[in-house]
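# Residue-level structure breakdown
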Amino acid sequence: MPSQPKTVEIHIRRRANPDSPQYWEQFEIPYRPNLNIISCLMEIQKNPVNKAGARTTPPVWQMNCLEQVCGICTMIINGRARQSCSALVDNLDQPIKLEPMAKFPNIRDLVVDRQQMFDHLRRVHAWIELDGTHDLGPGPRMDQEDVQERYAYSRCMTCGCCLEACPQYEGDNYIGPQAIAQVRLFNMHPSGKMTRQERLEGIMQEDGITNCGNAQNCVKACPMGIPLTRAIYEENRETVVHGLLGWLKD
Amino acid sequence: MASNGMKIAIVGGGLAGLAAAMKIAEGGHAVDLFSVVPVKRSHSVCAQGGINGAVNTKGEGDSTWEHFDDTVYGGDFLANQPPAKAMCEMAPAIIYLFDRMGVPFSRTNEGLLDFRRFGGTKHHRTAFAGASTGQQLLYALDEQVRRWEVNGKVRKFEHWEMLSLVLDEHQVCRGLIAMNLQTLELKAFPADAVIIATGGPGLIFGKSTNSMVCTGSAVSACYQQGARYANGEFIQVHPTSIPGEDKLRLMSESARGEGGRVWVPRNKGDVRPPSSIPEQERWYFLEEKYPAYGNLVPRDIATREIFQVCIDGMGIGGENQVYLDLTHIPAETLDRKLGAILEIYEMFVGDDPRHVPMRIFPGVHYSMGGLWVDNNQRTNVPGLLAAGECDYSIHGANRLGANSLVSCVYGGFIAAPAAIEYAKNVERNGADGSRIYDQELKHQQEINDRLIAQSGDENQYVLHQEMGKWMTDNVTVVRYNEKLKATDNKLLELMDRYKRISINDSNLWATMALPHARHLDNMLELARVITLGALNRNESRGAHYKPEFPDRDDENFLKTTIAEFSGEGPVFSYEPVDISLIPPRKRDYSKGKKETAKA
């Protein structure tokens, strides 16, 4: 663990708006124990003066739950995509370098637009086709072991760390691990299974599951420990079988 | 498009807002859904422990009536009883619906839903998905609403913030004004009915267990436009949170539901590590004082006890912290039932709670108060409804654990048909209706322009911090009238200083500064409602505790506080509580309910 300095030095890769160039700006704030990156950014926001002592615009970022469960505050910290709420200064080398995620459109400073991830969820029909919300009694019985596997996939907070780490993913050219894991989540479910074709078709297009290059970066990058490579393996198998059956039917 | 072109606007994409959106879309009607964050990132994700519903699969003789009785007893009889009863009756169907939507609820050996215990009850009544139940339930609704989005029934406006309602000359709600948080563009959105589902106002207290969007800003805007705000003084302080620099992180009640024990060393100033302190030298003060419920007394009681222990200097190392101990439970069980919350503790504190007792302290958590609604979630403003934490119904003076998720969904499910019914019958404005939208748009734009143009010497973030500190110090666990008066004076001072803030960001594109300035103004107004409501209520009931008035006073205060906005501050009145189903009795958690019923 690095020794405790009196100040925290933070370098932020900034951008005024999508049409402006990126630039680095350095900040220094007083050290306190147990600071996380969000607390540092709040401190800078309160008094936006850079390390050289010049007044500047306050850096802009996104935050909400601060418990690493909403996914919104994801950024690149010392070269690695992660949530800034759970990034503790005491565990980071200084100067701390903060950058926006590089695989998504950069709005301003540390803010990116991850709408494409939600669009992917639409495409793969990541839901159960309910008959209706009226009272039809309990759902199907399930084995606790299956529930635990589904629970792991169901913890995905759409943060984008997997896409940021994926060497194949560039310019929204690949549906990516998060959407494939959601296909697995619903195709495992007894009711979800009944509409599995729709989901499989969502990942069998040109930018679909076959774009996976098996680098296995995603599973290492996932802050929720989701078995993404297992989902890709299972869905790969399912799409092959599905494709074969479709071909036989023709 | 919808039959007869009806349009309903929902503000807030948490559990309540999404529940309402799903129901309205399913009914074939169009929804505009507004949220300051992508709805999947709403505060509901933070709920951990579970969702209550009396299904009695454990053979304990549980019933929806028992759930209802626990709820009003836990709420110290301040809740209107008919909606609380209706919620408890709907609760099993709500859990089953989520089960059908694919929520990975924990299972029994037979593959049935498993249930655990929570505070304020003796029954296993809480369904759970690991220890991230709120996240799982929110995702299920997020998925269903996405399905309706694909089907063209729901239009999402994410990163749009509601600034105000649009009211016509008869004070009828005709839509809202929202701001695009990137461009700061303001736009009027006409609607036949508006459902507010924006959650609680925790940020008024500075640091709380709430997410950063929980400012209460939209609710305060409604209040300032004529909606009544009820029981504002009832703020739940959760007994177990992890103090942090930026927020207080929740440590779920499920930790105690699964057997967690709260203790401090018996000897003041005992500095030995917890594992070296033998059993007989540990003071399990909740178990000692409340033998019937032990560590699972309701939150207001657990919070006051922990607070008092620390005030008396009995906290660990003399500090404001007590142990919450899970180390006697097998690690495998803990991982399966509580994994997510243990990870949070480990991540932010560094200790492994499977082997080292957690250090916790109470933190502001939930507002029982909120917009006044009738039994159909309608506010007093025609065309305006509210659901979820932002409405005041169901929980009375104190909310039971795992009742929040169920009340959010219940509220959404009641508000949706009520909004449709209203919208079907409402008379439209006619051709010259657009004038009211233009007027309100202009008014809101002027507020923004003024904030952007002004350059004073006050710092809005410093003002927020001061408000949070005063509110936390004086308007939470223990309340004194002198301090409440001083807090209100402080709030007036902050309101005056607010007029001299500078937003301090010359780049208005996607700025955080202007939205925060709007929130702060609204938070200050609501802070006065909370503080003065507390000042006026000279009794102790549920989460509201005054040492000067230590007893519940049904004769004078078994009534709902109503605040209405005026230029000179909130105007208070009271209305009777509907206690038509269960006569009030004294709360006593040292005894079981059957014994108190006899007493």
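Treat the numbers as computed from the prediction; the structure is a model and nothing was measured.

## Some words on the overall build of chain B
Scanning chain B from terminus to terminus reveals 16 helices and 21 strands. In summary, chain B has a C-alpha radius of gyration of 23 Å against a globular reference of 25 Å for 599 residues, a match within 12%. The dimensions of chain B, computed from C-alpha atoms along their principal axes, are 75 × 55 × 50 Å. Here chain B, with 599 residues, has 61% of them falling under the buried criterion. Across chain B, contacts joining residues at least 24 apart in sequence account for 73% of those joining residues at least 6 apart.

## Quick look at the overall build of chain A
Counting its secondary structure elements, chain A contains eight helices and seven strands. Overall size of chain A, expressed as C-alpha extent along the three principal axes, is 70 × 40 × 35 Å. A total of 250 residues make up chain A; the buried ones form 47% of that total. In chain A, of all internal contacts separated by at least 6 residues, the share reaching a separation of at least 24 is 65%.

## Observations concerning the domain arrangement of chain B
Residue and element names in this part refer to chain B. In terms of domain boundaries, chain B breaks down into domain 1 (241-363) and domain 2 (434-557). Counting from both sides, the interface comprises five residues of domain 1 and, opposite them, five residues of domain 2. By residue number, the principal contributor to the side of domain 1 that touches domain 2 is helix 8 (residues 299-311), which donates four residues. Partitioned by chemical class, the residues of the side of domain 1 that touches domain 2 number two nonpolar, one polar and two charged.

## Things to note about helix 10 (residues 404-425) of chain B
With 22 residues, helix 10 of chain B should reach 32 Å at 1.5 Å per residue; the first-to-last C-alpha distance of 32 Å fits that figure. Of all the 22 residues making up helix 10 of chain B, 17 are buried; the element is thus mostly covered by neighbouring parts of the structure.

## What about the sheet that holds strand 5 (residues 96-99) of chain A?
Adjacent strands of a sheet pair through backbone hydrogen bonds, lying either parallel or antiparallel. Residues and elements named next belong to chain A. Pairing is mixed in the open sheet, where five strands are placed in the order 2-1-5-3-4. Sheet topology places strand 2 (23-30) and strand 4 (80-83) at the edges, where each strand pairs with a single neighbour. Pairs of neighbouring strands in the sheet enclose a mean axial angle of 35°, with direction left out of account. Relative to strand 5, strand 1 (residues 7-14) runs parallel, the two being bridged by three bridges.

## Topic: the pairing of strand 17 (residues 358-367) of chain B
All names here are of chain B. With 10 of 10 residues buried, strand 17 lies mostly within the body of the structure. Bridge analysis of strand 12 (residues 235-242) against strand 17 gives five bridges, and the strand direction is antiparallel. When the bridges of strand 17 are listed, glutamine 236 appears paired with tyrosine 366.

## What to know about the domain arrangement of chain A
Residue and element names in this part refer to chain A. As assigned here, chain A comprises domain 1 (7-112) and domain 2 (115-249). Placing a centre on the C-alpha atoms of domain 1 and another on those of domain 2 gives a separation of 31 Å. On the side of domain 2, 11 residues touch domain 1, which itself brings 12 residues to the contact. A total of three residues in the side of domain 1 that touches domain 2 trace back to one element, the largest contributor, which is strand 4.

## Describing the sheet that holds strand 12 of chain B
Residues and elements named next belong to chain B. What the six strands build is an open sheet, ordered 13-12-17-16-14-15; its pairing is antiparallel. Lying at the two open borders of the sheet, with one neighbouring strand each, are strand 13 (249-250) and strand 15 (282-283). Taken together, the two bridges between strand 14 (residues 261-265) and strand 15 define a ladder with antiparallel strand orientation. Its bridge partner being in strand 15, proline 265 is matched across the sheet by arginine 282.

Rules used in this analysis
Residues numbered from 1 in each chain as written. Chains lettered and ligands numbered in written order. Predicted model: local features only at pLDDT ≥ 70, side-chain atom pairs only at ≥ 80, totals over all residues. Helix = DSSP H or I, 4+ residues; strand = E, 2+ residues; numbered from the N terminus. Rg over C-alpha atoms; globule rule 2.2 N^0.38 Å. Buried ≥ 20, exposed ≤ 12 C-beta atoms within 10 Å, placed from the backbone. Contact = placed C-beta atoms within 7 Å. Domains from an automatic or database assignment. Nonpolar A, V, L, I, M, F, W, Y, C, P; charged D, E, K, R; others polar. Expected span 1.5 Å × (residues − 1). Pairing = 2+ DSSP bridges. Axes fitted to C-alpha atoms, helices over the stretch in contact; angles between N-to-C directions.

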